[in-house]
Amino acid sequence: QVQLVESGGGLVPTGGSLTLSCAASVRPFSSYTMGWFRQAPGKEREFVAAMTWIGRTTYYADSVKGRFTISRDNAKNTVYLQMNSLKPEDTAVYYCAASGRGYSRDYAAYAYWGQGTQVTVSS
């Protein structure tokens with residue numbers, strides 16, 4: 001059974017930092033594109049970042065570019081999201097997702113999802 005388990009969320013002040021982790025049981029982990037999405041109350045789930053295994057190409061939403069960094073450790077089957085200079089508008093539930101179909105910003109392309117972790121940025 002495929003499982004993605006996020007951790008690392010919490011409450012931080014504006015300008016603070018958090019690192020989210022996602023431990024994945026998909027096999028082989030290295031063949032999946034891993035993504036992060038977020039969903040704020042009353043809003044649709046939106047793409048945040050993704051990283052392919054081929055060439056380790058990274059993609060970011062314009063709203064987080066330069067502040068967030070996605071990385072992965074294939075030996076640990078883990079993907080990370082380093083979030084710096086956090087803003088109140090970053091407040092959301094953050095989800096880790098895995099796609100065997102390559103990179104996409106569309107959440108429908110991701111077959112596997114974690115349960116989500118809450119990130120709250122206080123103003």
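As a convention, each chain's residues are numbered from 1 in the sequence order in which they are written. Side-chain atom pairs in this predicted model are given and counted only at pLDDT of 80 or more, local residue features only at pLDDT of at least 70, and totals for whole chains, interfaces and linings cover all residues. Calculated side-chain values reflect all of the structure's heavy atoms, with hydrogen atoms and water omitted.

Participant: Give a detailed account of the state of the cysteines, specifying residues and quantitative values.
Facilitator: Count a disulfide wherever a pair of cysteine sulfur atoms falls within 2.5 Å. The tally for this structure, following the rule as stated, stands at 1 disulfide. One disulfide bridge connects Cys22 with Cys96, the sulfur atoms lying 2.1 Å from each other. Linking Cys22 and Cys96, the disulfide has an S-S dihedral of approximately -75 degrees and is accordingly described as left-handed. Taken as a pair, Cys22 in strand S3 (residues 18-24) and Cys96 in strand S9 (residues 92-99) lie far apart in primary sequence, 74 residues in all. As far as the burial class goes, Cys22 and Cys96 line up, both buried. A helix here means a DSSP run of H or I that spans at least four residues, while a strand means a run of E at least two residues long, and both kinds are numbered starting from the N terminus. Each residue is placed in one exposure class: buried if its accessible area under a 1.4 Å probe, protein chains only, is under 20% of its type's maximum, exposed if it is over 50%, and partly exposed if it falls in between.

Participant: I'd like a rundown of the environment of Pro41, residues and numbers included.
Facilitator: If you trace the backbone, Pro41 turns up in the loop between strand S4 (33-39) and strand S5 (46-51). Given the relative accessible area of 76%, Pro41 is considered exposed. Along the primary structure Pro41 and Ile70 are separated by 29 residues, whereas in three dimensions their C-alpha atoms are 24 Å apart.

Participant: With reference to specific residues and values, describe the nonpolar core.
Facilitator: The set of buried Ala, Val, Leu, Ile, Met, Phe, Trp, Tyr and Cys residues whose side-chain atoms join them within 4.5 Å is what this entry labels a nonpolar core. By size, the foremost hydrophobic cluster in this structure holds 36 residues, and its most contacted members are Met34, Trp36, Leu81, Met83 and Tyr94. Within the residue set of this core, elements represented by two or more residues are S3, S4, S5, strand S7 (68-73), strand S8 (78-83), S9 and strand S11 (117-122). Contact definition: two residues touch when any of their heavy atoms are within 4.5 Å. When near neighbours in sequence (up to four residues on either side) are disregarded, Leu81 contacts Leu18, Thr19, Leu20, Trp36, Val48, Ala49, Phe68, Thr69, Ile70 and Tyr94.

Geometric descriptors of this kind do not, in isolation, establish any biological role.
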